[in-house]
Each structure stands twice: as C-alpha cells, then as structure tokens.
Number of protein chains: 2
Amino acid sequence: MNDKVEPVTAAIMVVGDEILSGRTKDRNIGYIAEYLTGIGIDVCEVRVVPDIEAEIVAAVNALRARYTYVFSTGGIGPTHDDITADSIAAAFGVTIDVDPRARAMLLERIPEAELNEARLRMARIPAGAELVANPVSKAPGFWIGNVIVMAGVPTIMQAMLDEVAPKLKTGIRMLSETIPANAKEGDVGGPLRAIAQAHPEVTIGSYPFIGEDGRPNTNLVVRSRDPEKLAAAMDEVRRMVAEVAVRLAS
Amino acid sequence: MNDKVEPVTAAIMVVGDEILSGRTKDRNIGYIAEYLTGIGIDVCEVRVVPDIEAEIVAAVNALRARYTYVFSTGGIGPTHDDITADSIAAAFGVTIDVDPRARAMLLERIPEAELNEARLRMARIPAGAELVANPVSKAPGFWIGNVIVMAGVPTIMQAMLDEVAPKLKTGIRMLSETIPANAKEGDVGGPLRAIAQAHPEVTIGSYPFIGEDGRPNTNLVVRSRDPEKLAAAMDEVRRMVAEVAVRLAS
C-alpha cells in the first residue's frame, strides 16, 4: 500500500429553509456520504444553510478552501427562492447569465412557448462552469472550480451524482468491517480503548443499538485504508469480544 | 404584534464519523428542526462534524457566538470515540471530571460493581454545566452557556429535548400555511416572485413534488410571525393559483 496517496476529501452543503424549518426531512446527506465513501472520497463536514445569499457564499467559500470537493444540493429550481446558482457565482466572483447549452437542455423537455422567465432561471449558470446533465428532468446542475451544484430533489440529485462520479478524483477506498459485541457499550469500552490506542492507524467506532431480542448490543466498526492493518486490529477486536462473552457468562 | 421581540435562533451540531461515512443515517436534524420551529426557535444552520476535538471546538465556538442556542447530538457514550464532552469543555476553557450528580444518575440503572471506567466516562461533565436528565437510560446530557449537549440515539435525544424545552427562551412562533399550486413550479414562478416582492415581511417557499396522480405539482408555503401579514400574502397566493388554473385550462 502506498501511504503517500493523499486522501480525497469532501464537504456537503445543503441549501434550503425547508430543511432548517424541519418541513422537509433531508434525504441527501446520508446518500451522498455513503456514495462518496464507497468510491474513496472522505466526507469531512456537512453544513445546512438557509436561502440567504451571504450565508451560502460564506459557507461555500469556507468549504471549498478546505476540501477537495464541495457537493451542494438544493436551490436551483425556477422560483424566486432558488438562489444557489447566483450565490455560487457571487462566491467565485464571476458573472451569471442564461447559458445557451443549459437552455438547449431545457428545450428537450419544455416547449419553447412555455420557456418563461421563471423556467429560464434554471438555465442561469455561472460563467466558466461545466454543466452536469439531469437525465430526470433536464434542468442541469453545474460544476465550477471544486464545487458541484446539484438539485435538491433526491431522484434528480442521485442521477446528477452518477453523472459526476466518473470524473471525480478518488482516493484509496476506506475499508470497514463490523462485528456485534454481544455486550453493552460500557462492557467493551475499556478493552476497546486499549485496542484503539495500540492501532493508531485504524479508526474504531462503537455504536450501541437494541437487538432483535430487545437487549442492548453494540456494533464495533473498524476502518482503515490498509487491509492488513484492518485485519490485525479486527483480530484483536474479535478476541476481545470472545473474552468479554466469557467474562459476562461467568 | 410586537415587532420588537427579537427572534430566538439556534444551530444544530451533529457529532459523528458514522454520519459522515453514511453508515448511520441521521434522524435527529429533521426532528430537532421541526420541534424547535414549533416552539418559536428558528434553526439557522446545521453542521455535521467528525470525532476530532479541534473540529468540534471550532464548530461549537463559531455557532455559540452567533446563535441564541446550539443543540449538539452524539458522542457522549462510554467509548474512546465519544469525545463531545471533553471537546465542549475545551471550547469553553473549563475543566472536566466525573460529576457526582451524573454518577448518582448512572447508579440508578447500573450496579456499582459494573460502573467501570468506560461507563464512568458518561458522568464526565464540564465544570459549571447543568445536567439534562435522561429518562431512557439515565446517562445525562448537559447544558453549558448556550450549548445543550444531547445523546445521538434518537429516542434518548428526543427525551432530552423534552426535558430542556420548558427552560428555553422562545420567540414568537413562525406561522405557516401551505397551498398546492396544482401546477408545475415553472408555471407559478413569475407571479410568485411578484407576490414575494410585494410582501417582503413574509417568506414564500416553493417546493415541487410528484402528486398521487403522477403529475408534477408544487407546494407553496407562506411563512410569517404575523397572522395578518400571513393572511394578506396567502390571499394573493390563492388568487394567483386560481388565475394560473384558468390560464393552464385555456
């Protein structure tokens, strides 16, 4: 394994008052996080911001300076509260106008007579951005610098992510193995800490849950990019789980 | 209505590598957002941060300086990856140790012989914090300054929020009314913008969805703290929806 490969990092930015009010429950964060993890991109931060240009600009500028990619969802529809495209243009200090390529995409689905000013808003793209095709409803997303701007509707966002994924720089995939401890979290916390300290190059997580038998249980998750280091730590976790079982049974 | 009442604002901070990896899908953000909106507290921002002390410290310090309250979930269990309490202590520059009140709460559920070092971690509380009772599994959350630290397990977090809510300063509740446009978003975008501009003291959102008849539809949501202003804008939205229906039928 080449330890010199730099990790590829990402942040997710969700734009929308409807998420912050709780009216709409976000379904994109978990999807994008799992998707990117699966292709070797580490999601390091998520922010949900309101439909306020200054807030979007501040968030995207903070995130794009820090991570390899920023994935934005929401706020690219046809109504007055859809201000993500304009805000991204402001963040990059570029102009924004109706993009002929995006307009042509809209015309694949919308008759020209119905392409009113509201719908044309969906063709407003910051100068210099690449388009991200929308196979569901045509109105495109876009990619500018290291920021990828997608729709908020989950089916459309997912299709856009499929469009973008083959073009992304990816890292070495984070591997993970999970083992149920068959014990309460507090029963494994001590020995688990010792294993974590002895294996600083793996990440060990501990997640309590209620089992199907109604008893408290704990999933132990060991993560590493290196399969050998993962296996070594996992061996110790398995041994510890067996020892705890003996101890609890006695 | 007293326009001088200051809005009460909040941010949500979710701590956890398991959310960022997509392994666990967050169910707390939407719940807290809806709950707080319902009692007159505006959620203005959400951040999800990893199990890294410096990241938690930076996020909580940015958020607590800006909003009336910060609600944190996750990272207060008994294992080595539960570092929220220590990170909050670091953010406030206070010490942290086993709190006798919290230890007593743990002993209500855990026999003293089983109160090992791992479980005692759940009684580590930053100096000066008030405890937040946990009627589900006893291990408490806490409240320090304007930061409320709760568990990540949804049932426990929800019980803690119920404990905290009566003590929160609340604002005038945001009222909202929803009307389906019976039209595509692009059909109402123009007139909706005009209404939004004529009623700057209400917020108007537009949310596309696919109706039960399989046709694209749009929910229009008007929000205001002032019932009269809400009613006036809502009247115009209703009239507009009726006009659009006539136009689309012709």
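These lines cover the structure that appears in this document, whether it is placed above or below. Residue indices begin from 1 for each chain and proceed along its sequence in written order. Key to labels: chains lettered from A, ligands numbered from 1, both in the order written. A pLDDT threshold of at least 70 governs which residues receive local features in this predicted model, and a stricter bar of 80 or more applies before side-chain atom pairs are shown or counted, although totals over entire chains, interfaces and linings include all residues. Excluded from the side-chain calculation are hydrogens and water; included are all heavy atoms of the structure.

**Considerations on the overall build of chain A**
Short version of the rule: Numbering goes from the N terminus for both helices and strands, where a helix is a DSSP run of H or I of at least four residues and a strand is a run of E of at least two. As a reference, a globule follows 2.2 Å times the number of residues to the power 0.38, and the radius of gyration itself is taken over C-alpha atoms. Accessibility here uses a 1.4 Å probe with only protein chains present; expressed as a share of the type maximum, an area under 20% marks a residue as buried, one over 50% as exposed, and anything in between as partly exposed. The contact definition used throughout considers only heavy atoms, calling two residues in contact when any of these lie within 4.5 Å. Areas reported as accessible are Shrake-Rupley estimates using a 1.4 Å probe. Residue values count occlusion only from the protein chains shown.
Looking only at helices and strands, chain A features nine helices and 11 strands. Taking 18 Å as the expected radius of gyration for a compact globule of 250 residues, we find that chain A reaches 23 Å, considerably beyond that expectation. By its C-alpha atoms, chain A is 80 × 45 × 30 Å across when sized along the principal axes. Counting only residues that meet the buried cut, chain A has 54% of its 250 residues in that class. Across chain A, contacts joining residues at least 24 apart in sequence account for 69% of those joining residues at least 6 apart. With the model as given, the accessible surface of chain A reaches about 11,000 Å², and the carbon-plus-sulfur share is 52%.

**So, the relation of the copies chain B and chain A**
Inclusion rule: Least-squares fitting of one copy onto the other uses the C-alpha atoms of those residues that reach a pLDDT of at least 70 in both copies.
Superposing chain B onto chain A takes a rotation of 180° combined with a translation of 0.0 Å along the rotation axis, leaving an RMSD of 0.0 Å. The operation mapping one copy onto its partner corresponds to a two-fold rotation axis. Minimal C-alpha distance to the rotation axis in chain B is attained by Arg-47 of chain B, lying at 2.2 Å. When the interface residues of chain B are mapped onto chain A, 100% of them again fall at the interface, so both copies present the same face.

**Considerations on the packing of aromatic side chains**
All names here are of chain A. Heads up, the rule is: Planes of paired rings set the category: under 30 degrees apart is stacked, over 60 is edge-to-face and the rest tilted, where pairs are Phe, Tyr or Trp rings (Trp by its six-membered ring) whose centres lie within 6.5 Å. The rule is short: NZ of Lys or CZ of Arg within 6 Å of the ring centre and within 35 degrees of the ring normal puts a charge over the ring.
Inspection of the entire model under this criterion finds six aromatic pairs over all chains. With centroids separated by 6.2 Å and ring planes inclined at 80°, the aromatic side chains of Tyr-69 and Trp-143 adopt a geometry described as edge-to-face. Note that Tyr-69 is positioned in strand β3 (residues 69–73) and Trp-143 in strand β7 (residues 141–144), a separation of 74 residues in sequence. Both residues of the pair, Tyr-69 and Trp-143, count as buried. Through successive ring pairs, a cluster of aromatic residues spans Tyr-69, Phe-71 and Trp-143. When the ring centre of Phe-92 is taken as origin, the NZ or CZ atom of Arg-64, which lies over that ring, is 3.8 Å away.

**Let's talk about the side chain of Asn-134 of chain A**
Residue and element names in this part refer to chain A. Here is the rule we go by: Counted as a polar contact is a pair of N or O atoms within 3.5 Å, where, for protein atoms, one must be capable of donating a hydrogen and the other of accepting one, and residues adjacent in sequence contribute only when both atoms are in side chains.
By secondary structure assignment, the location of Asn-134 is in the loop between β6 (130–132) and β7. Of the residues examined, Asn-134 reaches a relative accessible area of 4% and is grouped as buried. At 2.8 Å, the side chain of Asn-134 forms a polar contact with the backbone nitrogen of Ser-137. For Asn-134, the side chain forms a polar contact with the main-chain oxygen of Ala-139, separated by 2.8 Å. If near-sequence neighbours (up to four positions away) are discounted, Asn-134 is found in contact with Ala-139, Pro-140, Ile-156 and Met-160.

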